[in-house]
Amino acid sequence: MRARTKHVRHISLLTLVAMATLLFPAAGLAITKTQVEEACANSRAQLDEYRAAQAAFEDAARAYETAVLEVDRVERKQASVSGSVTSHTEELDQIQAMIEDQAVELYMRGGLASPGIIFSASSVDQFMTTSEFLTTAATGGQESLAELIAARSELNRFQVVLDDTRVELEAVEAQKLTARTNQESAMEAELAAYAKLEGRCKDLAVEYDRQQAELAARARQRAAGSVQVGSFICPFTPGRTSFIDSWGDPRSGGRAHKGTDLFAAMDEPIYAVRSGRVSTGNGGLGGKSIWLAGDNGIGFYYAHLSGFNVSSGQTVSQGQTIGYNGNTGNASGGPPHLHFEIHPGGRGSAAVNPYATLAGACR
Ligand SMILES: [Zn+2]
């Protein structure tokens, strides 16, 4: 019974693989998990280590994304509360000015014995509570005092929230820093584990991952169009970058992620994924960025670079170093990474999920 189930499962996996091969002939011969395990029989421990490191990096990368969103949320809260403190301070100032006017008016009308009572009072509070003002000003003075007390209590309330928010922000920033460190260690561990894989085991494991990524990406129907990019190379030296499929993940300001973040060492060389013409940009969310108009009409966008190795308008050949990995733009303060997009219809057209394409080229 057990063997039978296993057999059936085996067939369905084969069917799936066969279907995948038919549907995606560009992916080449589909590889089964069994084939990977056979090829890696002599380096089982290394493969396990690599798989564990991949999973750990994925977790660390997700934790970092969450931490970044948390900081963003608390920063927004702080800005909003800070705005309330400002507006309530203004309101309080207005009430105080109104009371001072009332006092001056009273004095001018002879209601107050001397102006000294205004000018000798060290604060509006002290002046307000003098029995002379209260009795003379009668109802008007009482009302102003009530208003002053209410406004002050509102302001105090917002100041307490602002102080709490400051503490909360420090906490989430500390979490973000820890998450960043964890992600960097996880990236190093994954790259080291990858480097230990050997020969056919490495080739098959990587091709298997690529096929799985492509199947998963298509199953989720995340790709808005087909990613027939033609000749394509990894923007980093294969094996020197770690990344996960973060297409559509939430980003600050309610945006959705429209690319893949490839993590690598600071200043790691970045290559033209195919030949074409580059234009450089500087500023905004992307920081130092490059648009590569591929010679086949496909657009590739590179963001957060530390520097350029090309000038705008230059023609580049595939594999040419065009810039260096960094954390400019809204990646500032975060782990250095290349935000990479593929626009099949060229610049200005919609982006598609580049993950499967990258997974195939970068390992
Ligand atoms: Zn990104």
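Residues numbered from 1 in each chain as written. Predicted model: local features only at pLDDT ≥ 70, side-chain atom pairs only at ≥ 80, totals over all residues.

Engineer: Explanation requested: the pairing of strand E5 (residues 276-283) in the structure shown.
Structural biologist: When a strand is regular, its side chains alternate between the sheet's two faces. Sheet topology note: the E5/strand E6 (residues 287-294) ladder contains 8 bridges and is antiparallel. Each bridged residue has a counterpart across the sheet, and for Thr 280 the counterpart in E6 is Ile 290. Following E5, the chain reverses through 3 residues before pairing antiparallel with E6; Gly 284 in that reversal takes a positive phi of roughly 70 degrees. (Pairing = 2+ DSSP bridges. Helix = DSSP H or I, 4+ residues; strand = E, 2+ residues; numbered from the N terminus.)

Engineer: Sorry if this is basic, but what is going on with the nonpolar core here?
Structural biologist: One recurring pattern in soluble globular proteins: nonpolar side chains tend to sit buried together. Residues Ala 205, Leu 262, Ile 270, Leu 292, Tyr 302 and Leu 358 are the most contacted members of the largest nonpolar core, which totals 63 residues. Of all the elements, helix H3 (residues 44-108) adds the most residues to this core, at 10 residues. When residues of this core are assigned to domains, at least three fall in each of domain 1 (31-219) and domain 2 (226-363). The residues touching Leu 358, leaving out its near neighbours within four places in the chain, are Cys 234, Phe 243, Thr 260, Leu 262 and Phe 340. (Core = buried A, V, L, I, M, F, W, Y, C linked by C-beta atoms within 7 Å. Buried ≥ 20, exposed ≤ 12 C-beta atoms within 10 Å, placed from the backbone. Domains from an automatic or database assignment. Contact = placed C-beta atoms within 7 Å.)

Engineer: Can you walk me through the sheet that holds strand E9 (residues 315-316) in this structure?
Structural biologist: Backbone hydrogen bonds are what pair the strands of a sheet, in a parallel or an antiparallel way. Read across the open sheet, the 6 strands follow the order E3-E11-E7-E6-E5-E9; overall the sheet is antiparallel. The sheet is open, and its two borders are formed by strand E3 (260-263) and E9, each paired with just one other strand. When E6 meets strand E7 (residues 299-305), the two strands line up antiparallel, connected through 5 bridges. Considered in E7, the bridge of Ala 293 is made with Gly 299.

Engineer: I would appreciate a short explanation of the sheet that holds strand E8 (residues 307-308) in the present structure.
Structural biologist: Spatial ordering of the open sheet is given by E4-E10-E8, a layout of 3 strands whose pairing is antiparallel. Edge strands, defined here as strands with exactly one partner in the open sheet, are strand E4 (269-271) and E8. Judged from the 2 bridges that link them, E8 and strand E10 (residues 321-324) form a sheet pairing that is antiparallel. Its bridge partner lying in E10, Gly 307 is registered against Tyr 324.

Engineer: I would appreciate a short explanation of the pairing of strand E11 (residues 337-343) in the present structure.
Structural biologist: Among the 7 residues that make up E11, 7 are buried, leaving the element largely enclosed by the rest of the structure. The alternating pattern of E11 places His 337, His 339, Glu 341 and His 343 on one face and Leu 338, Phe 340 and Ile 342 on the opposite face, and all of these are buried. Examined bridge by bridge, E7 and E11 share 5 bridges and lie antiparallel to one another. Bridge pairing links Ala 303 to His 339 in E11.

The values reported here are purely geometric and, on their own, carry no functional implication.
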